[in-house]
Amino acid sequence: MIELQCIALRGLNENCVAISASKARENDWRNGQPLGIKGERGTVGVLLIKNEVEDDYVGMGPTLRINAGVKESEKVTIEEIEINPMVKAKLQPIHDDISELQAKEVLNKSNQFYI
């Protein structure tokens, strides 16, 4: 577990968290790995290693900062988390019913989601 100062970093996907390559090596973290992020609230982000991020900082986009309840220059705690494969999920359409074909498409892509 490490504590880093949050900075706004443009161009990050909504759920990505960027740290330096040296911090990733120190913690034996890999690109694409999910990490637990704790500010005022806890959330999960996907690691993106970016050399332009300095060692004592973590780059976060606006959505992730909102989810973690942090502002720029505030400290966040980052730690490795254990993930488990999804066993079962119930999908509920919001507006219309989904067709059988749409349901199969979602099922075929189910390994591409973090829930």
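Residues numbered from 1 in each chain as written. Predicted model: local features only at pLDDT ≥ 70, side-chain atom pairs only at ≥ 80, totals over all residues. Heavy atoms only, no water.

Asker: So, the side chain of R65: which residues are in play, and what are the values?
Answerer: By the element assignment, R65 lies in helix α2 (residues 62-68). Buried charge without a salt bridge: R65, with E72 as the nearest opposite-charge side chain at an N-O distance of 4.7 Å. Here M60 takes part through its backbone oxygen, which lies 2.7 Å from a polar atom of the side chain of R65. Those residues in contact with R65 that lie beyond four places of it in its chain are C6, A8, M60, V70 and E72. (Helix = DSSP H or I, 4+ residues; strand = E, 2+ residues; numbered from the N terminus. Buried < 20%, exposed > 50% of the residue type's maximum accessible area, 1.4 Å probe, protein only. Lys, Arg positive; Asp, Glu negative; His and termini not counted. Salt bridge = Lys/Arg side-chain N within 4 Å of Asp/Glu carboxyl O. Polar contact = N/O pair within 3.5 Å; in protein donor to acceptor, adjacent residues only side chain to side chain. Contact = heavy atoms within 4.5 Å.)

Asker: Quick one: what's the story with the pairing of strand β4 (residues 42-49), residue by residue and with numbers?
Answerer: Relative to β4, strand β2 (residues 16-19) runs parallel, the two being bridged by four bridges. Paired with I19 across the strands is I49, a residue of β4. Note that strand β3 (residues 34-38) and β4 share five bridges and pair antiparallel. Along β4, the bridge assignment pairs P34 with V46. (Pairing = 2+ DSSP bridges.)

Asker: Break down the pattern of salt bridges for me, with residues and values.
Answerer: Applying the stated criterion to the full structure yields five salt bridges. The residue K50 makes a salt bridge to E52 at a minimum N-O spacing of 3.3 Å.

Asker: Quick one: what's the story with the nonpolar core, residue by residue and with numbers?
Answerer: Counting residues in hydrophobic clusters, the biggest one holds 17 residues, and the most contacted among them are V17, V58, M60 and I78. Elements with a minimum of two residues in this core: β1 (2-8), β2, β3, β5 (57-60), α2 and β6 (75-80). Beyond its immediate sequence surroundings of up to four residues, M60 is in contact with C6, I7, A8, L9, L12, C16, V17, I37, R65, A68, V70 and V76. Formed by five residues, the second largest nonpolar core is a distinct cluster that contains L9, C16, A18 and V53. (Core = buried A, V, L, I, M, F, W, Y, C linked by side-chain atoms within 4.5 Å.)

Asker: Run through the pairing of β1, naming residues and quoting values.
Answerer: For β1 and β6, the ladder comprises four bridges, and the chain directions are antiparallel. Paired with E3 across the strands is T77, a residue of β6. Two elements, β1 and β5, share four bridges in a ladder whose sense is parallel. By the bridge assignment for β5, I7 is matched with G59.

Asker: Quick one: what's the story with the sheet that holds β6, residue by residue and with numbers?
Answerer: Spatial strand order, β1-β5-β2-β4-β3-β6: six strands in a closed barrel with mixed pairing. Averaged over all pairs of adjacent strands, the angle between their axes in this sheet comes to 45°, without regard to strand direction. (Axes fitted to C-alpha atoms, helices over the stretch in contact; angles between N-to-C directions.)

So, to be careful, I would describe these as geometric facts and stop short of saying anything about function.
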